Amino acid sequence: MHAPDGFLNAGTAVVTGALSAGTVGAALRQAKHYLQHRQVPLAGITAAFVFAAQMFNFPIAAGTTGHLLGGALAAILLGPHVGAVVITVVVVVQALVFADGGLTALGYNLLNMAVIPAYGGYAVFKLFRRLLPATSGGVVAATGLAGWVSVVLSSMAFSIEWLFGATAPVSFTRVFAAMVGVHLLIGTGEGVISALTVGTVLASRPDLIAGAADLDAGQIEDTRGPRAPTLLIAGVVAALFLASVVSQFAFADPDGLERVAQETGFAASGEEHLLSDSVFADYATAGIENETVSLAIAGVAGTLIVLAVGWGLLLGVKRPGRRSAV
Amino acid sequence: MGAGHAHALYVHEHSAVHRLAPEAKLAAALSFIAAVAVTPREAVWAFGLYALVLALVLAAARVPPRFLFLRLLGILPFVAFAFLIPFVATGDRVEVLGIEVSGEGLWGAWNILAKATLGAATSIGLAATTEVPKLIEGLGALKVPAVLVSIAAFMIRYLELIAEELGRMRMAMAARGYDPHWLGQVKPIAAAAGAMFVRSYERGERVHSAMLARGYSGVMPVLRPAGAGWFDWLLAMTLPLTGVVIAAVALVVT
Amino acid sequence: MSHPVSVADLHFAYPDGRQALSGVTFSVGKGERLAVLGPNGAGKTTLALHLNGLLRAARGTIRIGDLEVTDDNLVEIRRRVGLVFQDPDDQLFMPTVAEDVAFGPANLGLEGDELEGRVDEALAAVEATNLRQRVPHHLSGGEKRRASLATVLAMDPGVLVFDEPASGLDPAGRRELMETLVGLPVTQVLITHDLPLALELCPRSVILDEGRVSADGPTAGLLGDDELLARHRLEMPYRLDGRKSGR
Ligand SMILES: Nc1ncnc2c1ncn2[C@@H]1O[C@H](COP(=O)(O)OP(=O)(O)O)[C@@H](O)[C@H]1O
Ligand SMILES: [Mg+2]
């Protein structure tokens, strides 16, 4: 997903650039204490680890191979803020030194490969930690689900960016279906590898895993995974979560969707000048009435509502990990 | 990511381009790519000019065409995507070699191909003429937050070490007949990754000790020699200035 | 006059409860080269980390010259005691050798020509001037070792502490290292399980085992005592009683 220069239009590059820079800046402030006092070399060396792990191919099935993206994994191992900072450095160096991903595409590449997998993956991890038992088995399962969802989320983000910044008249729905479809599969690899990696670390140095810092020695020794029904519920929640995001876009305004895709991607970039077809210009001239913007707001709002309802449900669920009656 | 080795990125030469201060080169490359990115795709002539200007700079830097070509293969996945666009895109149909494709899609494919290739070629040229540590130094000079720059420097320093260690682990697995075919067999790979994370973390702690032992107090000392002079900036900026002029003309004309 | 290094009744346990040092006492004279010998897990590295204040004693004291190691004077302690780590890849963390050598003195506040001068001197002292602009990862084992030494020498320490200085070196690299060490006019503590190295470089040795000093005396005498060595899981690659195959 290292998109090259010119993949999305300039306005999208600028807006995603601002979003990424803002988020990474906030992550840096959050991680400041940690990074000042101990961990700059540690963050750098774990960044090298993530980079190297990304070069490690693994088979998925039938001759296809995948490789780790590592956003959710880094967030779970190092905490979301340091994790996001570490992956940011990886993505920037890949563009700058290895010409892997365009320099002017850094805005959306950072959003898709660093910010969204790290924070989105971590949020999903936390969500499942609540649902699953507080044991190392539960941590491993939550990591797997977070890894999977994180990759799907970034493919969704990529599609949404295409909706705004398309440089060719390929409809959003088409891009969305292809991207999300492929990443539902690729994501399983990410999930499995992330989960097994965390499992290995839990077995030798559980103290190093930020996302398992709440476990005591007894809970760490408990490697039993969640029981089948629990896992099933977790899977359903994950699927529902993804489905609800998808449906927000499908149901919001199917006709409008096509029209917007046509306008932003095709008509505009074909006939008008660069700045007039960018989201920037749309904001300036049409503001919130603009269909693209209102559609996106509908999608984002819908996602937030689903997340909030999900949280509410999970808060109501008694944590199976707290089995002992105190 | 096959070319994970830093020395495969740099072309050892002594050209004027090599000698330029890294921050000037970095800023120049970035602005040149930005000029390319905002150029309307219909201005085909402009992309030809960009390619010419860039080729002149790379020739002056004595970057071998073969080297450039091999490194450019890295953008192939997106080239494949670009070739798909005319077939899946909507809009007016035109006939190319007897096949009906979308005319707008063709323009879209051209747009991505041209900009991606020029962008990648510029980045490749930058890395070919600037050693990696200098590139990172340049980031610092361009006011990228110091913490990010330091993390990047540590990452670059330990990347090969860790990649080689992982490679050796993988080799040791293969030597004992490990040949996974599907996701259900990847546990050893993840075990290696987990072990590698623990080792990386512990190395991080040891390096931190080694830094404390030499008086580190939480802030990396500034070791940079004097930054880029006006001459560096002037020389480096000829590239993006040319780019901006081309882009401006293209925007006005199209 | 106080000893450059004196350690008295030093105790230390790691946070996980592992007792690594249980009452270590010894001192080193000015200009002396002392070997600290011991098997794996004896507590040698733990001791080295104490000598420049990276780990803090649970009980007992460490004095460097007239200064006791406390939280308040860590900067001065770390200037006085140079610690060369076992793995040069831990020690050489900067992008180039020159920057790495400059790291320590820059932390001490040196700048400009003065800093450059320090770097040049330190590199010259270990005959590594040609490594200046090299990237640490691509150095040979011997070159890494010399570069690590230069990073510490640049701080102008009065005491050098080496943790397994010869590990990972081939015989020629080991020989070069020994020649370099003999030429350095500072007090040195060599922490090692390499007995021939100790015999050649250090007139006096202490044996550390299970966190305690179990012998302290002339190296030749200690290494000639087979029973003592066996008790501490130490071994000479050849015997010292004249049957050795000439050196
Ligand atoms: N970070 C640590 N945490 C817990 N125990 C440790 C740590 N480092 C070393 N140890 C233990 O302390 C003892 C002494 O270790 P060390 O000083 O490294 O020995 P040596 O260098 O002589 O081989 C060993 O038993 C080792 O396992
Ligand atoms: Mg040791």
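Residues numbered from 1 in each chain as written. Chains lettered and ligands numbered in written order. Predicted model: local features only at pLDDT ≥ 70, side-chain atom pairs only at ≥ 80, totals over all residues. Heavy atoms only, no water.

Every contact between the two is made by 24 residues of chain B and, on the other side, 26 residues of chain C. For the pair chain B and chain C, the two sides together bury roughly 2,400 Å², of which 60% comes from carbon and sulfur. Summed over the three residues of chain B that lose the most area to chain C, namely Arg157, Arg214 and Leu223 of chain B, the buried surface amounts to 36% of that side. Between the two partners, chain B and chain C, sit five salt bridges. The closest approach of N and O atoms between arginine 214 of chain B and aspartate 100 of chain C, which form a salt bridge, is 2.8 Å. On the surface where chain B and chain C come into contact, there are 12 residue pairs in polar contact (both at pLDDT 80 or more). Elements that contribute at least two residues to the side of chain B that touches chain C include exactly α7 (132–141), α8 (146–175) and α9 (187–213) of chain B. A class-by-class count of the residues in the side of chain B that touches chain C yields 14 nonpolar, three polar and seven charged. (Contact = heavy atoms within 4.5 Å. Buried area = accessible area lost by both parts, 1.4 Å probe. Salt bridge = Lys/Arg side-chain N within 4 Å of Asp/Glu carboxyl O. Polar contact = N/O pair within 3.5 Å; in protein donor to acceptor, adjacent residues only side chain to side chain. Helix = DSSP H or I, 4+ residues; strand = E, 2+ residues; numbered from the N terminus. Nonpolar A, V, L, I, M, F, W, Y, C, P; charged D, E, K, R; others polar.)

Once that is clear, we can look at a negative patch on the surface. On the surface, Glu127, Asp170, Glu176 and Glu179 of chain C cluster together into a negatively charged patch. Structurally, the position occupied by glutamate 127 of chain C is in the loop between α5 (112–125) and α6 (141–153). (Patch = residues over 30% accessible without salt bridge, like charges linked within 9 Å, V, L, I, M, F, W, Y side chains within 5 Å. Areas by Shrake-Rupley, 256 points an atom, 1.4 Å probe, with all protein chains shown as cover. Lys, Arg positive; Asp, Glu negative; His and termini not counted. Charge placed at Lys NZ, Arg CZ, Asp CG, Glu CD.)

Here we come to the packing of aromatic side chains. Residue and element names in this part refer to chain B. A complete count under the given rule lists 15 aromatic pairs over all chains for this structure. A ring pair is formed by phenylalanine 32 and tyrosine 50, whose centres lie 5.7 Å apart and whose planes are at 90°; its orientation type is edge-to-face. With phenylalanine 32 in helix α2 (residues 22–37) and tyrosine 50 in helix α3 (residues 44–60), the pair connects residues that are 18 residues apart, well separated along the chain. There is no split in this pair, since phenylalanine 32 and tyrosine 50 are both buried. Through successive ring pairs, a cluster of aromatic residues spans Phe32, Phe47, Tyr50 and Trp110. (Phe/Tyr/Trp six-rings, centres within 6.5 Å; stacked < 30°, edge-to-face > 60°. Buried < 20%, exposed > 50% of the residue type's maximum accessible area, 1.4 Å probe, protein only.)

When two helices pack together, their arrangement is given by the angle between the helix axes and by the axis-to-axis distance. Running from N to C, helix α4 (residues 80–98) of chain A and α7 of chain B cross one another at 120°; their axes reach a closest spacing of 11 Å. Put simply, α4 of chain A runs oblique to α7 of chain B. The two elements α4 of chain A and α7 of chain B meet at a crossing, and its hand is right-handed. Counting all contacts with α4 of chain A, which are made through Val93, Leu96 and Val97 of chain A, the residues of α7 of chain B involved are Val132, Leu135, Ile136 and Leu139 of chain B. (Axes fitted to C-alpha atoms, helices over the stretch in contact; angles between N-to-C directions. Parallel < 35°, antiparallel > 145°, perpendicular 65-115°, else oblique. Left-handed = near helix turned anticlockwise from the far one by under 90°.)

Once that is clear, we can look at the site of ligand 1. Residue and element names in this part refer to chain C. Contacts to ligand 1 come from Tyr14, Asp16, Arg18, Ala20, Pro39, Asn40, Gly41, Ala42, Gly43, Lys44, Thr45 and Thr46. In the environment of ligand 1, a nitrogen atom lies 3.5 Å from a nitrogen or oxygen atom belonging to the side chain of tyrosine 14. Taking threonine 45, its side chain carries an N or O atom lying 2.7 Å from an oxygen atom of ligand 1. Ranked by residues supplied to the shell around ligand 1, first place goes to helix α1 (residues 44–51) with three residues. Residues that form the shell around ligand 1 fall into these classes: four nonpolar, five polar and three charged. (Near = heavy atom within 4 Å.)

Next up on the list: the side chain of glutamate 164 of chain C. All names here are of chain C. Residue position: glutamate 164 is located in the loop between β7 (159–163) and α7 (171–182). Lysine 44 is the oppositely charged side chain nearest to the buried, salt-bridge-free glutamate 164, at an N-O distance of 4.1 Å. Other than its neighbours up to four places away in sequence, glutamate 164 contacts Lys44, Gln86, Arg145, Ile191, Thr192 and His193.

Taking burial as the measure, the 11 residues of helix α4 (residues 97–107) of chain C include 10 buried ones, the bulk of the element. Of the residues making up α4 of chain C, those classed as buried are Val97, Ala98, Glu99, Asp100, Val101, Ala102, Phe103, Gly104, Pro105 and Ala106 of chain C. Where α4 of chain C is buried, its residues touch α7 and α9 of chain B together with α3 (88–91), α5 and α6 of chain C. A positive phi of about 100° marks glycine 109 of chain C, the residue just after α4 of chain C.

Glancing now at the pairing of strand β8 (residues 187–192) of chain C. In regular strands, side chains alternate between the two faces of the sheet. All names here are of chain C. By the criterion of burial, β8 is predominantly enclosed, with six of the six residues buried. By the alternation rule, side chains of β8 split into Thr187, Val189 and Ile191 and Gln188, Leu190 and Thr192, which are all buried. Pairing of strand β3 (residues 33–37) with β8 involves five bridges; the strand directions are parallel. Residue valine 36 lies in a different strand from β8, and its bridge partner there is isoleucine 191. As paired strands, β7 and β8 are joined by five bridges and run parallel to one another. Considered in β8, the bridge of valine 161 is made with valine 189. With respect to chirality, the unit in which β7 leads through α7 into the neighbouring parallel β8 is right-handed. (Pairing = 2+ DSSP bridges. Right-handed = clockwise from strand over helix to strand, strands pointing away.)

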